[in-house]
Each structure stands twice: as C-alpha cells, then as structure tokens.
Amino acid sequence: SSKREWKPLEDRSCTDIPWLLLFILFCVGMGFICGFSVATGAAARLVSGYDSYGNICGQRNAKLEAVPNSGMDHTHRKYVFFLDPCNLDLINRKIKSIALCVAACPRQELKTLSDVQKFADINGSALCTYNLKPSEYTTSSKSSVLCPKLPVPASAPIPFFHRCAPVNISCYAKFAEALITFVSDNSVLHRLISGVMTSKEIILGLCLLSLVLSMILMVIIRYISRVLVWILTILVILGSLGGTGVLWWLYAKQRRSPKETVIPEQLQIAEDNLRALLIYAISATVFTVILFLIMLVMRKRVALTIALFHVAGKVFIHLPLLVFQPFWTFFALVLFWVYWIMTLLFLGTTGSAVQNDQGFVEYKISGPLQYMWWYHVVGLIWISEFILACQQMTVAGAVVTYYFTRDKRNLPFTPILASVNRLIRYHLGTVAKGSFIITLVKIPRMILMYIHSQLKGKENACARCVLKSCICCLWCLEKCLNYLNQNAYTATAINSTNFCTSAKDAFIILVENALRVAAINTVGDFMLFLGKVLIVCSTGLAGIMLLNYQQDYTVWVLPLIIVCLFAFLVAHCFLSIYEMVVDVLFLCFAIDTKYNDGSPGREFYMDKVLMEFVENSRKAMKEAGKGGAADARELKPMLRKR
C-alpha cells in the first residue's frame, strides 16, 4: 500500500454521466405520456367523469357519430351516477352498469320507484336514463331496466372526482368477497369490515405505538448489543442441542418398546417410524455439530458484529436525522406513486370513442400508442428503485463522512444534507445505473409471475416446476444485486468512482472477508429480525388489551392483522436503516485497517470500540505465533494504489 497517508473523501467528480442523461431522457418520456393523456381530453374525462354515451359531465358535449344520447348539454349535471354501483367486473376492472350524469347524488336510501321520482322532482336530478321522463318512472314497463337497481343506496360524491359512491360499506364488503374467495360466510366478512370501521381510532393509536417502539428499540440495541448477541448465540446452541437430545431420546424409547404387543398390521408402521426418528436424529446431530463448528470459527467475528452495532448506535446519536430517513423516502415514493396512478387513470380514459357490444361508449387507444402503458410500468419499477437507491446513497454518504472524520466536532452541521448535496452534484448517474440493473432483473420475474398466475391449473407439473425455479432464481439474483449495489454506493461515497468500478471493488472486499460478512449478516440480521418480532408482538398484545371491550372476538381479526402488518412495516423501515449503517461501517472498517496501522501519520479513523477489537485481534494473532499478518491479509484493499 501507499506509504503516504491515505485520505478518503478527497477526490470528487461526477460519475456515470451517460446514465444520468439516459434517466433524464426516460423521465421526459414519462412526462410525455402524462402530457399526451391530458392533452387528448383524458384529464376532463377522469376528473369530471363521463356517462355511457360519451358525454363528459359538467360541460356541453359534441355529438358522436352513430351514438344515441351523445352530444348532450350536462352543464348542470356534474356527477356520475351508476344504476348498479355494486355490480363489479373484477377481470376488466370496471363497474358493469349504465353510467349517467346527474345533478345530485341521492344522500338517503331510495327504496321504491316513487322515492326515485320524488327525488327527481325535488332535486331536479333524474336517476333513470335520459329518454325516460320522471313522470314515467312508476308507469313505464321499462323502468326495471332503465332505472337504478332498488333499493338505491345512499351515496356521496367522491372529492375531486365527481362520482356518486355508496356510503354503506356493504357494497365494499361485496367487492372484498369477490377478491377474498376463502371466506365462505359472507356475514363474517361484513362483521370484520365493520370491526375495522368502529376501531379506527384504536388502529391509529396502535400504529403510532409501533412507531415509538421502533425508535426506542434502536436506542436500546446500542446499549445491550454485547449481551444480546451472546444470549442469542447461547440460546441457538442450547436449542439445537435440546432438539437433538429429544430426538435421540424418542428413538431410544421407541426402540426399547416391546414389539410383541404390536399387532402385525401396525408392525410395519412402527418400523417406519423408528427409521424416520433415526434419520431425524442423525440429521439434527449433523446440523448441531456444523452449527457448533461455525460458532467456534466465527466467535471472533461475532465480536466484530457487536462492535459494529455499538458504533452504529453512536452514529445515530451524531446523525439523528438518519432516523427520519425512511419518512422522506416513503414520502417521495408516495408522491411518485400518486403521480403514476393518476397518469395510469388518464391512460385508461384517453383515446377515441368506441362502442362496445352493449352499444355504450368506451375510450381506447389505437396504433403504437396503445403500448404506452408498458413504458409506464417500466417507469414505475425504475423510478421506485431509483428513489430507494437515493436513500441508500444518502445514508452511505452520511455514515462515511462520520467514520472518516477524526474529530467528530468537525462534522458538517447536517451530514445528511451534505450527503444529499454530494448525491445531487456527483452521483445521480451511479444511482440511475444501479437502479436500472435491479429493474432489468425485476421485470422478467414479474412477467414470469404473471404468466404463472394466468396458467395456474392449466400447465403441467414440469412447466410449473420450471416457472417456479426461474422465479426463485431471479428473486435470489435480485437480492444479491441489491446487497452488492448497496455496498457499491458506499464505495462510490468513499472513492467517487463509477458504478462498475465501485461494484467490483466492493465485491472483492466482500469475498475476501466472507467470514466476517457472514457473521454480520447472520448474527446481525437475526438480532434485527427478533427486534421486528418483538415490536409486532408488543403492538399486537396492546391491541388485544384495547380491543377487549368487544365481546365478538371475530371482529378482532382484521384490525389486529392491519396493526401487526403496519408494525412490521414500520419496524422493518427503521431497523433496515440500522442494518444499512452497520454494512457501511463494515466496509469503512475494512478499508481503514488496510490503509492505516495506528502509527504516526497513519492513525486509524475508527471508533475506540473498533480499535479495541483490532488490538485484541493482534494480540490473539501474536499469541498464536502468526503476528499481525493474518488479520491484515483478511482485510483486503478496496482502493487501487495511487
């Protein structure tokens, strides 16, 4: 290595500029899709709504050729009303009902045609088709077809979208019944949904509780990391020893049992059981021995995991804004998803008016433009991954700045904002390239999953096995690339190298420190997983105590499921940041021990806790007669010689 002092974070240059330009060009294409759908009138049709004859509600319309009831003046009819709003077509994702433009939504339930006629006379809002006058509602023989299905549920306009939506949740319960096919008793589902509605305040409070518990746990892990890791290690070893001992005890007991009392028909079954117990006991013994050997080999690496967790706790003390990083990422994702869904809805209402088999009007795009939604789907995946990658790069940059600043009093006022600034100025191209690689793997997996769902029950066993194997392999590849990308972003934050160079350097150091990486990812991830389980269980227990006032225990199920899922999501968001910090610290530690040895002019950047680990490792190596060379060989360089 170089004799002069190695100083990280010195060189700053823009990386992967062509990929940044490509990403900007792709985003321009996404904007074109949105602009095209708005310019072709889709925005008005989406927001104001249109009836089954192609008329946009709330405005004067032009006549459509060969379409009856088109070209009407709906200036005073601003709301879309469906004659049968609960008749849902889940396959085509639409309501199978005639849509009309009306002046007002029925705020109260209308049980008879007389009530419908009275509503039209009082409010001036005709709920039957246009060619049937209100005076004919009760006398016409066609009223059963041209008027809404009775009873007409009370409805209210959806804010900003001018659709009359039923107020009663029974309609939504029927929709849920169509989706959740395993519920055989519809009344149970109705009670579940009503339980959610009546317990919404409790659900909100429990969600806030999970948020507080996650933040408290992140503080606690720092102070009990040393004890917690060893407790978990001992429990795993004792559990495997206990399970193995029980299996051998059952085998011995089964073997000593007298066979004379067993009837001939049961003798073969008893022998099979004895053979199975022997196989289980031998497998458990092999597993326990391997586990014990792994623990023996990795015991020193566990000490590194403990030290990294302790330092990670200090990072959060110096960089408290890291705790809120999931919020900003989630907020950015929500904004993008809202934009994406709005554009998708625009695409669903853009195009030319076409009559369907029933003679009603639908809007469809023809020609090459009908494939724009494919581009839109790719944009959903790439930009979502880009936002997540920006979070990883931001966290990596902040932690790298913390680690390689000797005097923590000289840290930037807000290292997170400084990291965001470096990301925007230098590394957006690297993030775009890394997120695109994940997109290339994710899209084929999603296509295969779609094919598998469409062919479910139709394909043979071989095809099903091949499909599932491909999906599994792509999933594993995606997870590996995600982990490599995260470490590549750390390398970029340190060296300001492009994505491919950073990924190669990160891969080399991960391979050459495989045992330590394995220890950090097994012990560390297991600790964090137990933390997630703890938060979910605590929130669920609080939910049971708060919901105890309801004697119908069936209605507990859905609120508790919602609360527990939210608790797991919140815990995962917070603890994944903790895990990310630990991974970044490990790479920084690996480089630090290579390029510095603690001598004057080459002092370590690391925390005192990590320095104690290095000193203990050196002492252990010297006592073993190997000196300090082995430990130095274990931590290979990530940077090229300058």
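Cut-offs applied
- Residues take numbers from 1 onward in each chain, read along the sequence in its written order.
- Restriction of local features to residues with pLDDT of at least 70 applies here, the model being predicted, together with a cutoff of 80 or more for giving and counting side-chain atom pairs; totals for whole chains, interfaces and linings are based on all residues.
- With hydrogens and water set aside, each side-chain value is computed from the structure's full complement of heavy atoms.
- UniProt positions are given in the numbering used here, feature names are shortened, and annotations may be inferred rather than shown by experiment.
- Helix and strand labels come from DSSP, where a helix needs a run of H or I of at least four residues and a strand needs a run of E of at least two; each type is numbered from the N terminus.
- Residue burial considers only the protein chains on display, and all accessible areas are found by Shrake-Rupley using a 1.4 Å probe.
- Excluding any residue in a salt bridge, patches collect residues exceeding 30% relative accessible area, merging like charges within 9 Å and nonpolar Val, Leu, Ile, Met, Phe, Trp and Tyr side chains within 5 Å.
- Any Lys or Arg side-chain nitrogen located within 4 Å of an Asp or Glu carboxyl oxygen qualifies as a salt bridge.
- Each residue is placed in one exposure class: buried if its accessible area under a 1.4 Å probe, protein chains only, is under 20% of its type's maximum, exposed if it is over 50%, and partly exposed if it falls in between.
- Stacked, tilted and edge-to-face are the three classes assigned to paired rings of Phe, Tyr and Trp, where Trp is represented by its six-membered ring and a pair needs centres within 6.5 Å; plane angles under 30 degrees give stacked, over 60 edge-to-face, the rest tilted.
- For a helix, the expected span equals 1.5 Å multiplied by the number of residues minus one.
- Working definition: the arc comes from the directions between the helix axis and the C-beta atoms, pointing outward to the latter.
- Any N or O atom pair separated by 3.5 Å or less is treated as a polar contact, with the protein-specific requirement of one donor-capable and one acceptor-capable atom, and with residues adjacent in sequence counted only for side-chain atom pairs.
- By definition, disulfides here are pairs of cysteine sulfur atoms that lie within 2.5 Å.
- Every residue carries a pLDDT, the predictor's confidence in it, which falls somewhere between 0 and 100.
- By definition in these notes, contact holds between two residues if any of their heavy atoms fall within 4.5 Å.
- In this text, buried Ala, Val, Leu, Ile, Met, Phe, Trp, Tyr and Cys residues form a nonpolar core when linked through side-chain atoms within 4.5 Å.
- A pair of strands is treated as paired once DSSP finds two or more bridges between them.
- Whenever a helix is involved, its axis is fitted only over the stretch in contact; in every case the axis is a line through C-alpha atoms, and angles between N-to-C directions fall within 0 to 180 degrees.
- Convention used here: angles under 35 degrees read as roughly parallel, angles over 145 as roughly antiparallel, angles from 65 to 115 as roughly perpendicular, and any remaining angle as oblique.
- By the definition used in this description, the sense in which the near helix is turned from the far one sets the handedness, with an anticlockwise turn below a right angle giving left-handed and a clockwise turn giving right-handed.
- Basically, the charged four are Asp, Glu, Lys and Arg, the nonpolar ten are Ala, Val, Leu, Ile, Met, Phe, Trp, Tyr, Cys and Pro, and anything else, Gly included, counts as polar.

Under an unreviewed UniProt entry, the protein has the name Choline transporter-like protein and belongs to Jaculus jaculus. Per its UniProt entry, the protein bears the Sequence similarities (unreviewed entry) comment "Belongs to the CTL (choline transporter-like) family." Its UniProt record gives the protein a comment under Function (unreviewed entry), which states: "Choline transporter."

Asker: Explain the overall build of the protein here, please?
Answerer: In terms of helices and strands, the protein carries 18 helices and eight strands. Of the roughly 34,000 Å² of accessible surface on the protein, 67% is carried by carbon and sulfur atoms.

Asker: Help me out: how do you make sense of a nonpolar patch on the surface in this one?
Answerer: Together, Val 212, Ile 216, Val 219, Ile 220, Tyr 223, Ile 224 and Ile 317 give the surface a local cluster of nonpolar side chains, amounting to about 640 Å² of exposed area. Among the elements that take part in the nonpolar patch, helix 7 (residues 200-256) stands out by supplying six residues, more than any other. Mapped onto the elements, Ile 224 comes out in helix 7. Its relative accessible area of 36% is what places Ile 224 among the partly exposed residues.

Asker: What am I meant to see in the packing of aromatic side chains here?
Answerer: Two numbers describe a pair of aromatic rings. These are the distance of the centres and the angle of the planes. Inspection of every chain in the model, using the stated rule, returns 18 aromatic pairs. Through a chain of ring-to-ring contacts, three or more aromatic side chains come together here, namely Trp 19, Phe 23, Phe 26, Tyr 375, Trp 382, Phe 386 and Phe 436.

Asker: Would you mind showing me how to read the pattern of salt bridges here?
Answerer: Side chains that carry opposite charge are capable of pairing whenever their charged atoms lie near each other. According to the stated counting rule, one finds four salt bridges in the structure shown. Between Glu 385 and Lys 442 there is a salt bridge, and its shortest N-O distance comes to 3.6 Å. Here the residue Glu 385 occupies a position in helix 11 (residues 372-403), and Lys 442 occupies one in helix 12 (residues 415-454), the gap between them amounting to 57 residues. Lys 442 matches Glu 385 in its accessibility class, with the two residues each being buried. Here Glu 478 and Arg 445 are joined by a salt bridge, their closest N and O atoms 3.0 Å apart. Of the two residues, Glu 478 sits in helix 13 (residues 461-495) while Arg 445 sits in helix 12, which places them 33 residues apart along the sequence. Across this residue pair, the class does not change: Glu 478 and Arg 445 are buried. Through salt bridges with shared partners, one network takes in Glu 385, Lys 442, Arg 445 and Glu 478.

Asker: Would you explain helix 14 (residues 499-512) in this entry?
Answerer: Counting along an α-helix, one turn takes 3.6 residues, and residues three or four places apart therefore face a common direction. The first and last C-alpha atoms of helix 14 sit 20 Å apart over 14 residues, in line with the 20 Å expected at 1.5 Å per residue. The set of residues buried in helix 14 consists of Phe 499, Ser 502, Ala 503, Asp 505, Ala 506, Ile 509 and Leu 510. One face of helix 14 carries all of its buried residues, which in axial projection span an arc of 165°. Between the side-chain oxygen at the start of helix 14 and the backbone nitrogen of Cys 500 there is a gap of 3.3 Å, and the oxygen is on Asn 498.

Asker: When you look at the state of the cysteines in this model, what are you seeing that I'm missing?
Answerer: The term disulfide refers to a covalent linkage connecting the sulfur atoms of a pair of cysteines. A full pass over the atoms with the stated rule returns three disulfides. Shown here is the disulfide that connects Cys 57 with Cys 101, its sulfur atoms set 1.9 Å apart. On the sign convention where negative means left-handed, the S-S torsion of about -80° between Cys 57 and Cys 101 marks this disulfide as left-handed. Taken together, the residues Cys 57 in the loop between helix 2 (42-48) and strand 1 (79-82) and Cys 101 in strand 4 (residues 99-102) connect sequence positions 44 residues apart. Of the two residues examined, Cys 57 and Cys 101, each falls in the buried class.

Asker: Can you help me understand the confidence of the model for the protein in this one?
Answerer: Note: predicted coordinates in regions of low pLDDT should not be interpreted at a detailed level. Confidence in the prediction for the protein averages 79 pLDDT; 81% of positions are at 70 or higher. Across residues 175-191 the pLDDT falls below 50, and counting only partners more than four positions away or on other chains, this stretch makes 17 contacts in the model. Segment residues 626-642 is flagged for pLDDT under 50; beyond a separation of four residues in sequence, or across chains, it makes 42 contacts in the model.

Asker: What should I look at first to understand the nonpolar core in this one?
Answerer: Taken as a class, soluble globular proteins show a tendency for nonpolar side chains to be buried jointly. Formed by 59 residues in total, the largest nonpolar core has its most connected members in Leu 322, Tyr 403, Tyr 578, Val 581, Leu 585 and Leu 610. Here the element with the most residues in this core is helix 16 (residues 557-595); it accounts for 19 residues. Ranked by size, the runner-up nonpolar core spans 25 residues in total, among them Leu 83, Leu 127, Tyr 137 and Leu 146.

Asker: Help me out: how do you make sense of the pairing of strand 7 (residues 352-355) in this one?
Answerer: Where strand 7 lies against strand 8 (residues 361-364), four bridges are found, and the strand directions are antiparallel. Residue Ala 353 lies in a different strand from strand 8, and its bridge partner there is Tyr 363. In textbook terms, the turn of a hairpin is the stretch between consecutive antiparallel strands, and for strand 7 and strand 8 this stretch comprises five residues, one of which, Gly 359, has a positive phi near 85°.

Asker: Looking at this structure, I do not really get the pairing of strand 4. What am I missing?
Answerer: Each regular strand carries side chains that alternate between the two faces of the sheet. Side-chain alternation along strand 4 places Ala 99 and Cys 101 on one buried face and Leu 100 and Val 102 on a second face that is also buried. Relative to strand 4, strand 1 runs antiparallel, the two being bridged by four bridges. Opposite Val 80, over in strand 4, you have Cys 101 as the bridge partner.

Asker: In this structure, what is going on with helix 1 (residues 17-39)? I would like to understand it.
Answerer: If you check helix 1, its first and last C-alpha atoms are 32 Å apart, about what 23 residues at 1.5 Å a residue would give, namely 33 Å. Buried within helix 1 we find Phe 23, Phe 26, Gly 29, Met 30, Ile 33, Cys 34 and Ser 37.

Asker: Whenever I open this one, the packing of helix 1 against helix 12 confuses me. Can you help?
Answerer: To characterise two packed helices, one gives the angle between the axes of the helices and the distance between these axes. The N-to-C vectors of helix 1 and helix 12 enclose an angle of 70°; their axes lie 7 Å apart at closest approach. Considered as vectors, helix 1 and helix 12 are oriented roughly perpendicular to each other. For the element pair helix 1 and helix 12, the recorded crossing hand is left-handed. Contacts between helix 1 and helix 12 involve Trp 19, Leu 20 and Phe 23 from the first element and Leu 428, Gly 429, Ala 432, Lys 433 and Phe 436 from the second. A breakdown of the residues in the contact of helix 1 with helix 12 according to their chemical character gives six nonpolar, one polar and one charged.

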